[in-house]
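Overview (structure and organization)
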8 protein chains.
Amino acid sequence: MKAIVSIIMGSTSDLKVMEKAAQFFDEMEIPFGMNALSAHRTPEAVEIFAKNAEADGIKVIIAGAGMAAHLPGVIASMTAVPVIGVPINASLDGMDALLAIVQMPPGIPVATVGINGALNAAILAGQMLATGDSEMMNKMKNYKEGLKQKIVKANEELTRVQYRFKTN
Amino acid sequence: MKAIVSIIMGSTSDLKVMEKAAQFFDEMEIPFGMNALSAHRTPEAVEIFAKNAEADGIKVIIAGAGMAAHLPGVIASMTAVPVIGVPINASLDGMDALLAIVQMPPGIPVATVGINGALNAAILAGQMLATGDSEMMNKMKNYKEGLKQKIVKANEELTRVQYRFKTN
Amino acid sequence: MKAIVSIIMGSTSDLKVMEKAAQFFDEMEIPFGMNALSAHRTPEAVEIFAKNAEADGIKVIIAGAGMAAHLPGVIASMTAVPVIGVPINASLDGMDALLAIVQMPPGIPVATVGINGALNAAILAGQMLATGDSEMMNKMKNYKEGLKQKIVKANEELTRVQYRFKTN
Amino acid sequence: MKAIVSIIMGSTSDLKVMEKAAQFFDEMEIPFGMNALSAHRTPEAVEIFAKNAEADGIKVIIAGAGMAAHLPGVIASMTAVPVIGVPINASLDGMDALLAIVQMPPGIPVATVGINGALNAAILAGQMLATGDSEMMNKMKNYKEGLKQKIVKANEELTRVQYRFKTN
Amino acid sequence: MKAIVSIIMGSTSDLKVMEKAAQFFDEMEIPFGMNALSAHRTPEAVEIFAKNAEADGIKVIIAGAGMAAHLPGVIASMTAVPVIGVPINASLDGMDALLAIVQMPPGIPVATVGINGALNAAILAGQMLATGDSEMMNKMKNYKEGLKQKIVKANEELTRVQYRFKTN
Amino acid sequence: MKAIVSIIMGSTSDLKVMEKAAQFFDEMEIPFGMNALSAHRTPEAVEIFAKNAEADGIKVIIAGAGMAAHLPGVIASMTAVPVIGVPINASLDGMDALLAIVQMPPGIPVATVGINGALNAAILAGQMLATGDSEMMNKMKNYKEGLKQKIVKANEELTRVQYRFKTN
Amino acid sequence: MKAIVSIIMGSTSDLKVMEKAAQFFDEMEIPFGMNALSAHRTPEAVEIFAKNAEADGIKVIIAGAGMAAHLPGVIASMTAVPVIGVPINASLDGMDALLAIVQMPPGIPVATVGINGALNAAILAGQMLATGDSEMMNKMKNYKEGLKQKIVKANEELTRVQYRFKTN
Amino acid sequence: MKAIVSIIMGSTSDLKVMEKAAQFFDEMEIPFGMNALSAHRTPEAVEIFAKNAEADGIKVIIAGAGMAAHLPGVIASMTAVPVIGVPINASLDGMDALLAIVQMPPGIPVATVGINGALNAAILAGQMLATGDSEMMNKMKNYKEGLKQKIVKANEELTRVQYRFKTN
């Protein structure tokens, strides 16, 4: 089994946000790697990772970071493999991380998801892989179908909430 | 008893905000429906609801949503029944939901109330109904009259707070 | 002809924003009044207007204001007629006006539309009137239908834009 | 004893913020009144208060309010007695209240202090009174002198904090 | 003629905002001084000004500043004469100046007006002076009365705006 | 030639932002479609487009929208094809559009790029396609290589800027 | 032992943020002073400190402050010794302090670090000292080298986190 | 003549902001280098520059960048030479660049100045150099002294502005 997706984070404290991505890949049976690398503390390790990612068979990279979040953009500057950025709320409600990830200059995009949105990052990775893999496309379509069940169930729960003037 | 107002929310976790609207309708004896529908997970169910709302006798729709809150706007795009949007604080103090609801493009208004303002949404619904229903107008006028009592009482409580140099 | 909707603004300089509402009422053949009243400079005139609005046959009030925009809320505190607030961009990109209008305390809602959104305010007024007026409902449905034409036309224009690798 | 300053708030829940002003007036032996009045729920009571304030001997008014905080501006529109506004943090970290109080249109100023800054509002009231009352000016100068003691004491505490390379 | 109010600004480029205050004092016949002093470039001059203000007969100080606007707070730390702060929009729509002026720590208030609100600062100064000067109070009441005329005139102008369905 | 990427926008006025994406696809020789569809005005057309996208051979969708920008999220809710969202600056410096696009709820990601970032959206689309297409990967690597030339040239220009104490 | 760096804060309550700077100087064996001084309450003490700093052998000053944080800028206006400003989160998530420190006018820079960033302030002080002190430069290089170990360790921890489809 | 300071920018379009730094170094007779390097487009060139800076005799680095401004932080991660970051206003009034530069994680400070504050960056560089160079300290003290003249002159200009009730 060889990883086709990489989850990168700046420290183990980010794991409580990023583990949602790992759990999704387990559920979808997508082999992945997971590493702590820091754009600021281990720039050489980031460089080695990014420059070898394509040759190592990595097809999508997910990078989570907080504050002045440079990790996703720095990786994106060193590889043509698409990078998904997850802004982590470590200060200012995550607004600093969101802007530091999404406002990339022309030429080097980072596919940004919402603040703390690691699950959405993983789903997006699955959708990217599906552009060239019809089996993955089927998995993603099934997953999306499954989302409806939560709402259907929520609706049923609401049916049981009692008000005098509620009609359903 | 047939609902003339609908309360829509994206999940049962929104109920703790939205129940204030339900309680108001109970107090005012206005029959209402309540459903969990998601603009993103069950778009077909939203469409069926919105397109049938007028024929079903619904005169006002209240929709609460958080984050990139699309639900009120999506419903408003599919019906001429007025839609009241309640931005729910799920991230960024609710500022993302407020902007995603209130800043609708020309042609498709959503009547937006304050963050977590489900009670105000329900009062506004009552006032909208009152434009064509004089009995409802009387209810709303009585309700507004009642609001003064809370302040009068608060003022009496302040009278009892003791300071050496307080004169009343 | 007797007005059933009122457009209120704080000064004639707001007319360039608010005239979109007047034009819509002309187009829809909805009789309306239009006045300059200031929550801060002519509070007595505001009070007289607001307290008589219902008796004068006004069914919906639209109030536009900028900066610390108190006008919509002050009117709403003095009548049970529904008030639609239009935040006007006079400073801080209109964010001050938006917050000063939408964040009303429990009990006194203002139906807020987007910054400078006078057209949407007028459409919303039409939808409110339609809750008790089926002819108005038909007008509003026709109007919404008409919105689609702009997009259809826009799409046709895009068809004529030429790119070498564009397929439609 | 007749009040020369008034503290106005929208509800008793604001008392935990506004009591700092009352305590300051007690400490300075400045007679004051304290009332709960709401710009939105009891506009008539606000009007009666504001229009009689000058004749009643009130020389400065302090008004605290949260959210779309209209109370200080509404009072200021009805009297020439100076009004000090205290933005209370009830949502959005108090930013909505700050903007709704400070961004008054030309002609009707509100002297705004920081978010939850009731103590500063009371000191400012004392300074305003001191413009025409030399005894009050002496009180205010003594009070300001006293502020230095807190810092001197803080500095002494820091002297006792031990670090190996700390030289003082 | 001896100044009883001081207008302080950081540079002559601020004059185009601050001149509104000077014009108001001329109109009200209130003698005033006007100086360029910088909290950051001429701290000693600021100190000399602030420490002598009371003895020089100054009863209210107006200080305008942009960006990290320290001038009003620095003056307020050196005198018991009340200081009115005018946030000047030099960057970030004036939000930096507003926060740097209004968010003063407990003990040292600055009476803050809206962004670029020099006219309101001058009116507020007049109201402060009026707390101990009944002639000034009459001037201020007359001035406030005059504000209504602008709105009355605006309303008359609106009367002349023609729409087919406009009823007034 | 059959489109494998779709560029969707809400009106032709968005073309001046979105054309950067079209130009990139021309340069990369990637066949694409381009349509004006509105989440709010033509919801049925959006639905037809989104539900057929995969069957029509579309592998990536780029959707640009301003204000309360629902278009990318609404499309993403109806297809498993990955959607790239471009926030367009139509108000509030584009902050409303950014938040309304990026803050999607769990389950329905939108790959968001910077405000007005249509070129980056197109590059990201190319990178997504490259996950399953090695020829595309080569194109993208060449493109990224080309970006360096602009900087190298900029550096040469700086060499020619003359200062007395400049050493290079 | 004579201090070459000074840590200044407005009150002992700031010590829990600023102590990170003191600990760093202990670790690096850099002698430092630590004082509580307030720009607003003890302006004379601030002036004496700032004007004597250079003669007292102080080479870098670190000043932490919250809210309308004037302390760093006020010190910087009175000395040519470089001043590092630490915005302390006391309100508005620290955004007010950040803007009040960083947005200094031309001529008087404050070297600003992140919100609550006292450790980074101390490291920056070390780097400034190192511009003229090669032994200090070696210390700083060693410190930076040490930062990598935390990430390497974090990466090892991640290796031990188990997922079914995790490959490393 | 060998550069002891480096000015780095991402493109020649940044020169109109950054040239203020170059002019200051000319005025102070401080030899400097100036280069266009991009964290995202030429990461290798950035690395070579940063890793050789100290050995090349560079004592302070000034880096200006806009949007998701990574350049200062990326350089700071690769050298112990102090880095001064200049947020350039390219979008969102420069707020994105400010946050992306100042909110660095613990261990890797960037000395941040105000938005577009290239002159202040250069002055700060001079002050850093002065920590180990008494001649430079004298230059900086003279420069700071000179700043006062601008204000003195401004004050003289204000003396000539005529108002009827102006006393100076």
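Because the structure is predicted, anything quoted here is derived from the model rather than measured.

When you go through chain A residue by residue, the secondary structure sums to six helices and five strands. Walking chain A from its N terminus toward its C terminus, one meets helices and strands in the order β-α-β-α-β-α-β-α-β-α-α. Across its three principal axes, chain A shows a C-alpha extent of roughly 65 × 40 × 30 Å. When burial is assessed residue by residue, chain A has 70% of its 168 residues classed as buried. About 5,400 Å² of surface is accessible on chain A, with carbon and sulfur atoms providing 50% of the total. For chain A, the separation between the mean place of its 15 positive charges and that of its 16 negative charges on side chains is 9 Å.

All right, on to the confidence of the model for chain A then. Model confidence for chain A is summarised by a mean pLDDT of 95, while 100% of its residues fall at 70 or above. The ipTM assigned to the predicted complex is 0.96, against a pTM of 0.97.

Gaps left between atoms show up when a probe the size of a water molecule is rolled over them. The calculated volume of the largest pocket comes to roughly 1,100 Å³. In this structure, the largest pocket is lined by 50 residues; those nearest its centre are B:Arg41, B:Met67, B:Ala90, F:Pro105 and F:Pro106. For the second largest pocket, the lining is made up of 42 residues, of which A:Met67, A:Ala90, H:Met104, H:Pro105 and H:Pro106 are closest to its centre. Counting residues per element, the ones that place at least two in the lining of the second largest pocket are helix H1 (15-28) and strand S3 (60-66) of chain A together with helix H1 (15-28) and helix H5 (118-130) of chain G. Residue composition of the lining of the second largest pocket, by class: 19 nonpolar, 17 polar and six charged.

You can overlay chain B on chain D at an RMSD of 0.0 Å; the transform is a turn of 90° with a shift of 0.0 Å along its axis. Within this description, the copies of the chain are treated as partners about a four-fold rotation axis. In terms of proximity to the rotation axis, the leading residue of chain B is B:Asp93, whose C-alpha is 5.9 Å off the axis. The fraction of interface residues of chain B whose copies in chain D are also interface residues is only 6%, indicating that the copies meet through different surfaces.

A word on the pairing of strand S4 (residues 83-88) of chain C. Residues and elements named next belong to chain C. Taking burial as the measure, the six residues of S4 include six buried ones, the bulk of the element. Both faces of S4 are covered, namely the face carrying Val-83, Gly-85 and Pro-87 and the face carrying Ile-84, Val-86 and Ile-88. When strand S3 (residues 60-66) meets S4, the two strands line up parallel, connected through six bridges. Paired with Gly-66 across the bridge in S4 is Ile-88. Once the chain exits S3 it traverses helix H3 (residues 71-76) before rejoining the sheet at S4, and the crossover so formed is right-handed. Pairing analysis gives two bridges linking S4 to strand S5 (residues 111-112), with the strands arranged parallel. In the sheet register, Ile-84 faces S5, and the bridge partner there is Ala-111. With helix H4 (residues 95-102) bridging S4 and the parallel S5, this β-α-β connection has right-handed handedness.

Bringing the relation of the copies chain A and chain F into the picture now. Superposing chain A onto chain F takes a rotation of 180° combined with a translation of 0.0 Å along the rotation axis, leaving an RMSD of 0.0 Å. Look at the turn and shift together and you get a two-fold axis relating the two. Among all residues of chain A, the one whose C-alpha sits closest to the rotation axis is A:Gly132, at a distance of 2.0 Å. When you check the interface residues of chain A against chain F, 100% turn up at the interface there too, and the contact is symmetric in its surfaces.

Opposite the 17 residues of chain B that make contact, chain D presents 28 residues. Summing both partners gives a buried area of about 2,100 Å² for chain B against chain D, and 64% of it is carried by carbon and sulfur. Of all residues in chain B, B:Ile151, B:Tyr163 and B:Phe165 give up the largest surface area on contact with chain D, accounting jointly for 34% of the area buried on that side. The interface formed by chain B and chain D contains two salt bridges. Residue D:Glu44 is joined to B:Lys148 by a salt bridge in which the shortest nitrogen-to-oxygen separation is 3.4 Å.

Okay, the pattern of salt bridges next. Residue and element names in this part refer to chain D. Counted according to the given criterion, the structure contains 48 salt bridges over all chains. As a salt-bridge pair, Lys-51 and Glu-47 come within 3.2 Å of each other at their nearest N and O atoms. Linking Lys-51 with Glu-47, this pair stays in helix H2 (residues 43-53), spanning four residues, or about one helical turn. Taking the relative accessible area as the measure of exposure, Lys-51 reaches 37% and is therefore partly exposed. For Glu-47, a relative accessible area of 15% corresponds to the buried category.

Contacts between chain A and chain F engage 39 residues on the former and 39 residues on the latter. Both faces considered, chain A and chain F share a buried interface measuring about 3,200 Å² in area, 63% of it formed by carbon and sulfur atoms. The largest per-residue losses of area from chain A upon contact with chain F belong to A:Ala80, A:Pro109 and A:Thr131, which jointly make up 19% of the total buried on that side. Joining chain A to chain F, the criterion identifies two salt bridges. Between A:Lys141 and F:Glu54 there is a salt bridge, with the nearest N and O atoms lying 2.8 Å from each other. Counting the contacts that link chain A with chain F gives 24 residue pairs in polar contact (both at pLDDT 80 or more). Elements represented by at least two residues in the side of chain A that touches chain F include exactly helix H4 (95-102), strand S5 (111-112), helix H5 (118-130) and helix H6 (134-160) of chain A. With seven residues, the top contributor of residues to the side of chain A that touches chain F is H5(A). Residues belonging to the side of chain A that touches chain F are distributed by class as follows: 26 nonpolar, nine polar and four charged.

Further remarks concern the packing of aromatic side chains. This model, assessed by the stated rule, comprises 32 aromatic pairs over all chains. Plain terms: the ring middles of G:Phe25 and G:Phe32 are 5.6 Å apart, the flat faces sit at 40° to each other, and that makes the pair tilted. Overall, G:Phe32 belongs to the buried group, its relative accessible area being 0%. Aromatic rings pair up to connect A:Phe24, A:Phe25, A:Phe32, A:Tyr143 and G:Tyr163 into one cluster.

What follows deals with empty space enclosed by the protein. Within the structure shown, the criterion is met by five cavities of 30 Å³ or more. By volume, the largest cavity is sized at about 1,100 Å³. Of all the secondary-structure elements, those providing two or more residues to the lining of the largest cavity are H4 of chain A, helix H4 (95-102) of chain B, H4 of chain C, helix H4 (95-102) of chain D, helix H4 (95-102) of chain E, helix H4 (95-102) of chain F, helix H4 (95-102) of chain G together with helix H4 (95-102) of chain H. A breakdown of the residues in the lining of the largest cavity according to their chemical character gives 24 nonpolar, no polar and ten charged.

All right, on to the environment of E:Ala80 then. Within the secondary structure, E:Ala80 sits in the loop between helix H3 (71-76) and strand S4 (83-88). With a relative accessible area of 6%, E:Ala80 lands in the buried category. Distance from E:Ala80 to E:Leu129, taken between C-alpha atoms, is 14 Å for residues 49 residues apart in sequence. Beyond its immediate sequence surroundings of up to four residues, E:Ala80 is in contact with D:Gln127, D:Met137, D:Met140, D:Lys141 and D:Lys144.

The next subject is the arrangement of the chains. Spatially, chain D and chain F are disjoint, and the shortest separation between their C-alpha atoms is 16 Å. Of all C-alpha pairs spanning chain F and chain G, none lies closer than 17 Å, and the two are not in contact.

Parameters and conventions
- Residues numbered from 1 in each chain as written.
- Chains lettered and ligands numbered in written order.
- Predicted model: local features only at pLDDT ≥ 70, side-chain atom pairs only at ≥ 80, totals over all residues.
- Heavy atoms only, no water.
- Helix = DSSP H or I, 4+ residues; strand = E, 2+ residues; numbered from the N terminus.
- Buried < 20%, exposed > 50% of the residue type's maximum accessible area, 1.4 Å probe, protein only.
- Areas by Shrake-Rupley, 256 points an atom, 1.4 Å probe, with all protein chains shown as cover.
- Lys, Arg positive; Asp, Glu negative; His and termini not counted.
- Charge placed at Lys NZ, Arg CZ, Asp CG, Glu CD.
- pLDDT = per-residue confidence, 0-100.
- 1 Å grid on protein atoms, 1.4 Å probe; cavity = no way out; pocket = protein on both sides within 12 Å on 5 of 7 lines; lining within 4 Å.
- Points joined across faces, edges and corners; volume = space filled by probe spheres on them.
- Nonpolar A, V, L, I, M, F, W, Y, C, P; charged D, E, K, R; others polar.
- Least-squares fit on C-alpha atoms with pLDDT ≥ 70 in both.
- Contact = heavy atoms within 4.5 Å.
- Pairing = 2+ DSSP bridges.
- Right-handed = clockwise from strand over helix to strand, strands pointing away.
- Buried area = accessible area lost by both parts, 1.4 Å probe.
- Salt bridge = Lys/Arg side-chain N within 4 Å of Asp/Glu carboxyl O.
- Polar contact = N/O pair within 3.5 Å; in protein donor to acceptor, adjacent residues only side chain to side chain.
- Phe/Tyr/Trp six-rings, centres within 6.5 Å; stacked < 30°, edge-to-face > 60°.

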